[in-house]
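Breakdown of the fold
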Amino acid sequence: MQGRLRDRVAVVTGAASGIGLATVRRFAAEGARVVCVDVDTEAGQRAADEVGGSFVAADVADEAAVRDLFDGVVGRYGRVDVAFNNAGISPPDDDSILETGLDAWERVLRVNTTSVYLCCKHVIPHMRRQGRGSIINTASFVALMGAATSQIAYTASKGGVLALTRELGVQFAREGIRVNALCPGPVATPLLRELFAADPERAARRLVHVPMGRFGEPTEIAAAVAFLASDDASFMTAAQFVVDGGITGAYVTPL
Ligand code: NAD
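Here we summarise the structure given alongside this text. (Residues numbered from 1 in each chain as written. Predicted model: local features only at pLDDT ≥ 70, side-chain atom pairs only at ≥ 80, totals over all residues. Heavy atoms only, no water.)

**Observations regarding the side chain of serine 157**
Rules: Per the convention used, a helix needs a DSSP run of H or I reaching at least four residues, while a strand needs a run of E reaching at least two, with both numbered from the N terminus. Only heavy atoms matter for contacts: two residues are in contact if any of them lie within 4.5 Å across the pair.
Tracing the chain through its elements places serine 157 in helix α5 (residues 152-171). Discounting chain neighbours no more than four positions away, the residues touching serine 157 are Val108, Leu109, Asn112 and Thr113.

**Focus: the site of the ligand**
Applied cut-off: We call a residue near a given molecule or strand whenever any one of its heavy atoms falls within 4 Å of it. Polar contact is the term for a pair of N or O atoms within 3.5 Å; when the atoms are in protein, one must be able to donate a hydrogen and the other to accept it, and sequence-neighboring residues count only if both atoms are side-chain atoms. For accessible areas, the Shrake-Rupley method is used with a probe of radius 1.4 Å. Any residue's cover is judged against the shown protein chains and nothing else. Here the term charged refers only to Asp, Glu, Lys and Arg, the term nonpolar to Ala, Val, Leu, Ile, Met, Phe, Trp, Tyr, Cys and Pro, and the term polar to all other amino acids, Gly among them.
Of all residues adjacent to the ligand, which total 25 residues, the nearest are Ser17, Ile19, Asp38, Tyr154 and Val187. A distance of 2.8 Å separates an oxygen atom of the ligand from a polar backbone atom of valine 187. Protein chains shield 85% of the accessible area of the ligand, which is 830 Å² for the free molecule. Going through the elements one at a time, α1 (18-29) and α5 are the ones with two or more residues in the shell around the ligand. Its residues assigned to classes, the shell around the ligand comprises 13 nonpolar, 9 polar and 3 charged.

**Focus on the pairing of strand β1 (residues 9-13)**
Rules: Burial here depends on accessible area, computed with a 1.4 Å probe over protein chains only, as a share of the maximum for the residue type. Under 20% is buried, over 50% is exposed, and the range in between is partly exposed. When DSSP finds two or more bridges between two strands, those strands count as paired.
Most of β1 sits inside the fold, with 5 of its 5 residues counted as buried. What you see with β1 is no split at all: Val9, Val11 and Thr13 on one side and Ala10 and Val12 on the other are buried throughout. Sheet topology note: the β1/strand β2 (residues 33-38) ladder contains 5 bridges and is parallel. Each residue of the ladder has a partner; that of alanine 10, found in β2, is valine 34. As paired elements, β1 and strand β4 (residues 82-85) share 3 bridges and run parallel to each other.

**Details of the nonpolar core**
Selection criterion: By convention a nonpolar core is built from buried Ala, Val, Leu, Ile, Met, Phe, Trp, Tyr and Cys residues, the set being connected through side-chain atoms within 4.5 Å.
Among the nonpolar cores identified, the biggest contains 31 residues, and Val11, Phe70, Val73, Val123, Ile124 and Ile135 are the most heavily contacted of them. In terms of residue count, the dominant contributor to this core is helix α4 (residues 102-130) (7 residues). With residues near it in sequence (within four places) discarded, valine 11 still touches Val35, Val37, Leu69, Phe70, Val73, Val80, Val82, Ala83 and Phe84. Core analysis: the second largest hydrophobic core is formed by 25 residues, Val12, Ala15, Cys36 and Leu182 among them.

**Observations regarding a nonpolar patch on the surface**
Here is the rule: A patch consists of residues exposed above 30% relative accessible area that lack any salt bridge, with like charges linked at up to 9 Å and nonpolar side chains (Val, Leu, Ile, Met, Phe, Trp, Tyr) linked at up to 5 Å. Every case where a carboxyl oxygen of Asp or Glu lies within 4 Å of a side-chain nitrogen of Lys or Arg is listed as a salt bridge.
A contiguous nonpolar patch, built from Leu144, Met145 and Val242 and spanning about 190 Å² of accessible area, is present on the exposed surface. Assessed through its relative accessible area of 32%, leucine 144 is described here as partly exposed.

**Focus: the side chain of threonine 113**
Secondary-structure assignment places threonine 113 in helix α4. Since its relative accessible area comes to 12%, threonine 113 is described here as buried. Here threonine 113 is in contact with Val108, Ser157, Gly160 and Val161, once residues within four sequence places are set aside.

**Things to note about the environment of alanine 47**
Turning to its location among the elements, alanine 47 is positioned in helix α2 (residues 41-51). Judged by its relative accessible area of 2%, alanine 47 falls in the buried class. It is 24 Å that separates the C-alpha atoms of alanine 47 and valine 243, two residues lying 196 residues apart in sequence. Aside from chain neighbours lying at most four places away, what touches alanine 47 is Ala15, Leu21, Val24 and Cys36.

**Side note on the packing of aromatic side chains**
What counts is decided by this rule: Here the aromatic set is Phe, Tyr and Trp, taking the six-membered ring for Trp, and pairing holds for ring centres within 6.5 Å; pairs whose planes are under 30 degrees apart are stacked, those over 60 apart are edge-to-face, and all others are tilted.
What the rule picks out here adds up to 2 aromatic pairs. Plain terms: the ring middles of phenylalanine 196 and phenylalanine 215 are 5.2 Å apart, the flat faces sit at 25° to each other, and that makes the pair stacked. Linking phenylalanine 196 in helix α6 (residues 190-198) with phenylalanine 215 in the loop between α7 (200-207) and α8 (218-229), this pair joins segments that are 19 residues apart in sequence. Residue classification places phenylalanine 196 among the buried positions, given a relative accessible area of 10%. Note on phenylalanine 215: relative accessible area 13%, which makes it buried. Taken together, a centroid distance of 5.7 Å and an interplanar angle of 35° make the contact between phenylalanine 227 and phenylalanine 241 tilted.

**Focus on the packing of α6 against α7**
For clarity, the threshold we go by: Lines fitted to the C-alpha atoms define the axes, with helices restricted to the stretch that makes contact. Angles between their N-to-C directions range from 0 to 180 degrees. Here is the rule for angles: anything less than 35 degrees is roughly parallel, anything more than 145 is roughly antiparallel, 65 through 115 is roughly perpendicular, and the remaining ranges are oblique.
At their nearest, the axes of α6 and α7 sit 5 Å apart, and the two run at 110° to each other. Between α6 and α7, the interaxial angle falls into the category roughly perpendicular. Residue-level inspection shows Leu195, Phe196, Ala197 and Ala198 of α6 in contact with α7, the latter providing Pro200, Arg202, Ala203 and Arg206.

Structure follows, in structure tokens:
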């Protein structure tokens, strides 16, 4: 590790699991002081303890909680350098548009997209005062490609994250604030691993589209987040940063 985030204050939402947890570990290894945010208080606290960071229990879809989160971080550390707005859900009742009810649609949009709006809204004023900051919002490769195995609300929610991120990146580009969207391909998080172990056909239906022939690891996504957070990415903003094993570039994949 290169200490690229030495003494930077970095907030990670969805820090208790998967991509968020791997990023907490990577940020800490790069020298950052990490603030872990999650609704899962037990696993979130554990993540913070592991890296000597702090934990804030917050629902990122709740405006008062998000405002208090960033005000609290600045109150405690004096600044906020990195915001990785990553918490998200992908519930089973989000499916084909023919099946998905308004309740699931609104819940997914709220947790996946409104949360990113709220986190950006309440961190940007702090970053403007500092004249610097790096925001990374987790979108997905499904914001770029259509799937016949639809999760319609999830896809729309990530499309929203992508468009919102691009616009903020452009708007604040001359104020030292970089805003980039991360578009991971399918990642072998515990949940996905379990799902695909129980249903190998479901996994095969997806794997055939991945040139590398495997799902990503959370650490591989975390490495990309650390790059975007660091000054190594100083000329990158308003970008859609794709980390997908080649999916979006492929027509025919190797046998
Ligand atoms: P995960 O389920 O392992 O972790 C998500 C974390 O977010 C959990 O700890 C959960 O408690 C937390 N969370 C959920 N709702 C919250 C809320 N309202 N407030 C605060 N915390 C909340 O998921 P993951 O696979 O690591 O996904 C992380 C992000 O990456 C999500 O935005 C997801 O959509 C995106 N993504 C995942 C994949 C994949 O294949 N796993 C692919 C592309 C994008």
